[in-house]
Amino acid sequence: REELPVTVWADRNPNTPLTQGPFLFTNCPDVFHKSPLDGGTTWGAGVNVAKAGAAFAGRNDMAVTSSSVVINYNRDVDGSEGQKLFAIRSTDNGATWETPIQLTTTPGSSDHGSIIGDGAAVLLAWHDARDPQNLEIYYRRSLDSGGTWEDEEHVSTGAAGDSSTPLLAVSANNVHVLWIDRRGGTFQVYYRRRAGELSDIVFRDGFESGNLTGRDH
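The paragraphs below set out a description of the structure included in this document. Every chain begins its residue count from 1, and numbering advances along the sequence as written. The predicted nature of this model means local features are confined to residues of pLDDT at least 70 and side-chain atom pairs, given and counted, to a pLDDT of 80 or more, with totals for whole chains, interfaces and linings taken over all residues. In computing side-chain values, all of the structure's heavy atoms are included and hydrogens and water are not.

1. Structural notes on the environment of Gly46
Part 1 of the argument: Considering the arrangement of structural elements, one finds Gly46 in the loop between β2 (30–34) and β3 (47–48).
Part 2 of the argument: Here the term buried applies to any residue with accessible area under 20% of the maximum for its type, exposed to any over 50%, and partly exposed to those in between, with areas from a 1.4 Å probe on protein chains only. Judged by relative accessible area, Gly46 falls into the partly exposed class, the value being 38%.
Part 3 of the argument: Taking the C-alpha atoms as reference, Gly46 lies 4.9 Å from Lys34; in sequence the two are 12 residues apart. Secondary structure elements are defined from DSSP: runs of H or I of at least 4 residues count as helices, runs of E of at least 2 residues count as strands, and each element is numbered from the N terminus.

Structure follows, in structure tokens:
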């Protein structure tokens, strides 16, 4: 399909004041999207896609697949501990949006989602505070452009020390995940790859220990 630029951001105006969660904003952040009218020279109106109202919604990221635009964001959920990750998609370049899908339900916050599209696949990594003593990296994928999602996978290895702030990349049927990790007492950069992403091969370490900091690659 035609390649079109799109953009997404978090915005506080003209939303209502925040009434839940740990943050204090006069106007509550929400997630907005714009599509181009002519290839990127001019843009259409901003559309609120999260519609979180008096709940926080933000830390958004966006993927473009062969047939859809998919936005991931985290937001407060009534009755839940911590913010949860959601995904919402449009199959008509942002003209209309489907109902958001909540991707995380475990206790603790799910945050810093990194999302990327590859053909019809959508790949998402995030850090998760279900263990309040130790942030960990998790991953989910969709093979139908964000319509449905497979079960999550645990990417970081559970070693003591926070694993946080993942970044995703794709190359030649491989998914690459980078994150910062404090298992050794100081923050270092760690890496894993998922080889044969469209098959059923699980995550493996890409390098001897997974620690990239100080290595010459």
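Past the structure itself, the notes keep going.
2. So, the sheet that holds strand β4 (residues 57–64)
Sheets are built from strands that pair by backbone hydrogen bonding, the pairs being arranged parallel or antiparallel.
Part 1 of the argument: Pairing in this open sheet of four strands is antiparallel, and the strands run β4-β5-β6-β7 from one edge to the other. Of all the strands in the sheet, the pair left with one neighbour each is β4 and β7 (101–102).
Part 2 of the argument: One bridge is not enough; two strands pair if DSSP finds at least two bridges between them. Note that strand β5 (residues 69–75) and strand β6 (residues 84–90) share seven bridges and pair antiparallel. For Tyr73, the partnering residue across the bridge sits in β6 and is Phe86.

3. A short note on the sheet that holds strand β8 (residues 110–118)
Part 1 of the argument: A sheet is described by the order of its strands in space; here four strands give the open sequence β8-β9-β10-β11, paired in antiparallel fashion. Of all the strands in the sheet, the pair left with one neighbour each is β8 and β11 (153–154).
Part 2 of the argument: As paired elements, strand β10 (residues 136–142) and β11 share two bridges and run antiparallel to each other. Among the inter-strand pairings, Tyr139 is bridged to a residue of β11, identified as Glu153.

4. A look at the pairing of β8
Part 1 of the argument: As judged from the seven bridges shared by β8 and strand β9 (residues 121–128), these two strands associate in the antiparallel manner. Directly across from Ser110, in β9, lies its bridge partner Asp128.
Part 2 of the argument: Hairpin connection between β8 and β9: a loop of two residues separates the two successive antiparallel strands, and Gly119 in this loop has a positive phi of roughly 65°.

5. A word on the pairing of strand β12 (residues 163–171)
Part 1 of the argument: Pairing of β12 with strand β13 (residues 174–181), which is carried by seven bridges, proceeds in the antiparallel orientation. Within the sheet, the bridge partner assigned to Ser164 lies in β13 and is Ile180.
Part 2 of the argument: Hairpin connection between β12 and β13: a loop of two residues separates the two successive antiparallel strands, and Ala172 in this loop has a positive phi of roughly 45°.

6. So, unusual backbone geometry
Part 1 of the argument: A positive phi angle is found at His112, which is not glycine, with a value near 55°.
Part 2 of the argument: Turning to its location among the elements, His112 is positioned in strand β8.
Part 3 of the argument: Given the relative accessible area of 27%, His112 is considered partly exposed.
Part 4 of the argument: Even without a glycine there, the phi angle at Ser145 is positive, about 60°.
Part 5 of the argument: With respect to the element layout, Ser145 can be found in the loop between β10 and β11.

7. Quick look at the pattern of salt bridges
Part 1 of the argument: What makes a salt bridge here is a side-chain nitrogen of Lys or Arg within 4 Å of a carboxyl oxygen of Asp or Glu, nothing more. On inspection of all chains with the given rule, the structure shows six salt bridges.
Part 2 of the argument: Measuring nitrogen to oxygen at the nearest pair gives 2.7 Å for the salt bridge that ties Glu152 to Arg130. With Glu152 in the loop between β10 and β11 and Arg130 in the loop between β9 and β10, this pair connects stretches of sequence that are 22 residues apart.
Part 3 of the argument: For Glu152, a relative accessible area of 31% gives the class partly exposed.
Part 4 of the argument: Taking the shortest distance from any N to any O, the salt bridge between Glu153 and Arg194 comes out at 2.8 Å. Taken together, the positions of Glu153 in strand β11 and Arg194 in strand β14 (residues 188–195) put the pair 41 residues apart, joining distant regions of the chain.
Part 5 of the argument: Of the residues examined, Glu153 reaches a relative accessible area of 19% and is grouped as buried.
Part 6 of the argument: In the salt-bridge network here, residues are joined through shared partners; they are Asp128, Arg130 and Glu152.

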